[in-house]
Amino acid sequence: MSMELPIGQQDRKGFMTGYLEALALVERLHRLLLDVIKDEFERVGVLEINAVQALLLFNIGDNEVTAGELKSRGYYQGSNVSYNLKKLVELDYMHHQRCEIDRRSVRVRLTPRGREIRDIVAGLFARHAEGLEGKDVISREGIADITSSLKRVERYWSDQIRYIY
């Protein structure tokens, strides 16, 4: 004989199962994204930077930002942003300059080499978008629904961090 949970608890257990599955999927998708970028770079012969650094260059794009803005604007969520910025500057993918107003702050922007990397990643993403839509993997409405849902989760998690006490 199996023990049946009351209806309300069954619903809660089902939601928890779905939530944990969604969390695992987000993590797997992020790792897959990095693998896809790495494979693209191997295909085109770019071997001196990694996928995380390439994604950072893509996200900065034509903007000039401080290291702090990279995290606050959502361009970069990693804990090793200083290492990656230093490496990208050393490899001439990114230019850095001390702020005139606040000498402690450094502003960064892409060099021509950095823009080449950004363009490779942008081309990869454009091909993916075209393939996803063209092969009916997901519709425009489906992408909009996913994005909307993920933004709500992001807002919820941000509030959990911000209002912890």
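The structure contained in this document is the topic of the report that follows. Because the structure is predicted, anything quoted here is derived from the model rather than measured.

Some remarks on the overall build of the protein chain
Helix and strand content of the protein chain: six helices and three strands. Ordered by position from the N terminus, the helices and strands of the protein chain form the series α-α-β-α-α-β-β-α-α. Looking at the 165 residues of the protein chain, the share that counts as buried comes to 23%.

Overview of a nonpolar patch on the surface
On the surface, Phe 15, Met 16, Tyr 19, Leu 20, Val 153, Tyr 156 and Trp 157 cluster together into a nonpolar patch covering about 720 Å² of accessible area. Sorting elements by how many residues they give to the nonpolar patch places helix 1 (residues 7–44) first, with four residues. Inspection of the secondary structure assignment puts Met 16 in helix 1.

Some details on the nonpolar core
Judged by nonpolar contacts, the single largest core of 26 residues is most densely connected at Ile 49 and Leu 70. Of all the secondary-structure elements, those providing two or more residues to this core are helix 1, helix 2 (51–60), helix 4 (81–90), strand 3 (106–110) and helix 5 (112–134). If near-sequence neighbours (up to four positions away) are discounted, Ile 49 is found in contact with Phe 41, Ala 54, Leu 57, Leu 88, Leu 91, Tyr 93 and Ile 117.

Structural notes on the packing of helix 2 against helix 5
With their axes 8 Å apart at the nearest point, helix 2 and helix 5 run at an angle of 90° to one another. As judged from the angle between their axes, helix 2 and helix 5 are roughly perpendicular. In this structure, helix 2 contributes Ala 54, Leu 55, Leu 57 and Phe 58 to the contact, and helix 5 contributes Gly 114, Ile 117, Arg 118, Val 121, Ala 122 and Phe 125. Per-class residue counts for the contact of helix 2 with helix 5 are eight nonpolar, one polar and one charged.

Points about the packing of aromatic side chains
Applying the stated criterion across every chain yields a total of one aromatic pair. On the basis of an interplanar angle of 85° and a centroid distance of 5.0 Å, the ring pair of Phe 58 and Phe 125 is categorised as edge-to-face. With Phe 58 in helix 2 and Phe 125 in helix 5, this residue pair connects regions lying 67 residues apart in the sequence. For Phe 58, a relative accessible area of 26% puts it in the partly exposed group. The ring of Tyr 93 carries Arg 113 above its face, with NZ or CZ at 4.4 Å from the centroid.

Notes on the pattern of salt bridges
A complete count under the given rule lists twelve salt bridges for this structure. In this structure, Glu 27 engages Arg 31 in a salt bridge whose closest nitrogen and oxygen atoms are separated by 2.7 Å. Here the residue Glu 27 and the residue Arg 31 both occupy positions in helix 1, the gap between them amounting to four residues, near one helical turn. For Glu 27, a relative accessible area of 43% gives the class partly exposed. Residue classification places Arg 31 among the exposed residues on the basis of a relative accessible area of 52%. Here Arg 107 makes a salt bridge to Glu 69, at a shortest N to O gap of 3.8 Å.

Focus on helix 4
Taken together, the buried positions of helix 4 are Val 81, Asn 84, Leu 85 and Leu 88. The buried residues of helix 4 occupy an angular sector of 100° when projected down its axis, which confines them to one face. For helix 4, the exposed residues set more than 90 degrees away from the buried face come down to Ser 82, Lys 86 and Glu 90. Where the residues of helix 4 are buried, they touch helix 2, helix 3 (67–72), strand 2 (94–98) and strand 3.

With respect to the layout of surface pockets
In this structure, the largest pocket spans a volume of roughly 2400 Å³. Along the wall of the largest pocket there are 46 residues; nearest its centre are Val 26, Leu 29, His 30, Leu 33 and Leu 150.

Parameters at a glance
Residues numbered from 1 in each chain as written. Predicted model: local features only at pLDDT ≥ 70, side-chain atom pairs only at ≥ 80, totals over all residues. Heavy atoms only, no water. Helix = DSSP H or I, 4+ residues; strand = E, 2+ residues; numbered from the N terminus. Buried < 20%, exposed > 50% of the residue type's maximum accessible area, 1.4 Å probe, protein only. Patch = residues over 30% accessible without salt bridge, like charges linked within 9 Å, V, L, I, M, F, W, Y side chains within 5 Å. Areas by Shrake-Rupley, 256 points an atom, 1.4 Å probe, with all protein chains shown as cover. Salt bridge = Lys/Arg side-chain N within 4 Å of Asp/Glu carboxyl O. Core = buried A, V, L, I, M, F, W, Y, C linked by side-chain atoms within 4.5 Å. Contact = heavy atoms within 4.5 Å. Axes fitted to C-alpha atoms, helices over the stretch in contact; angles between N-to-C directions. Parallel < 35°, antiparallel > 145°, perpendicular 65-115°, else oblique. Nonpolar A, V, L, I, M, F, W, Y, C, P; charged D, E, K, R; others polar. Phe/Tyr/Trp six-rings, centres within 6.5 Å; stacked < 30°, edge-to-face > 60°. Lys NZ or Arg CZ within 6 Å of the ring centre and 35° of its normal. Arc of directions from axis to C-beta. 1 Å grid on protein atoms, 1.4 Å probe; cavity = no way out; pocket = protein on both sides within 12 Å on 5 of 7 lines; lining within 4 Å. Points joined across faces, edges and corners; volume = space filled by probe spheres on them.

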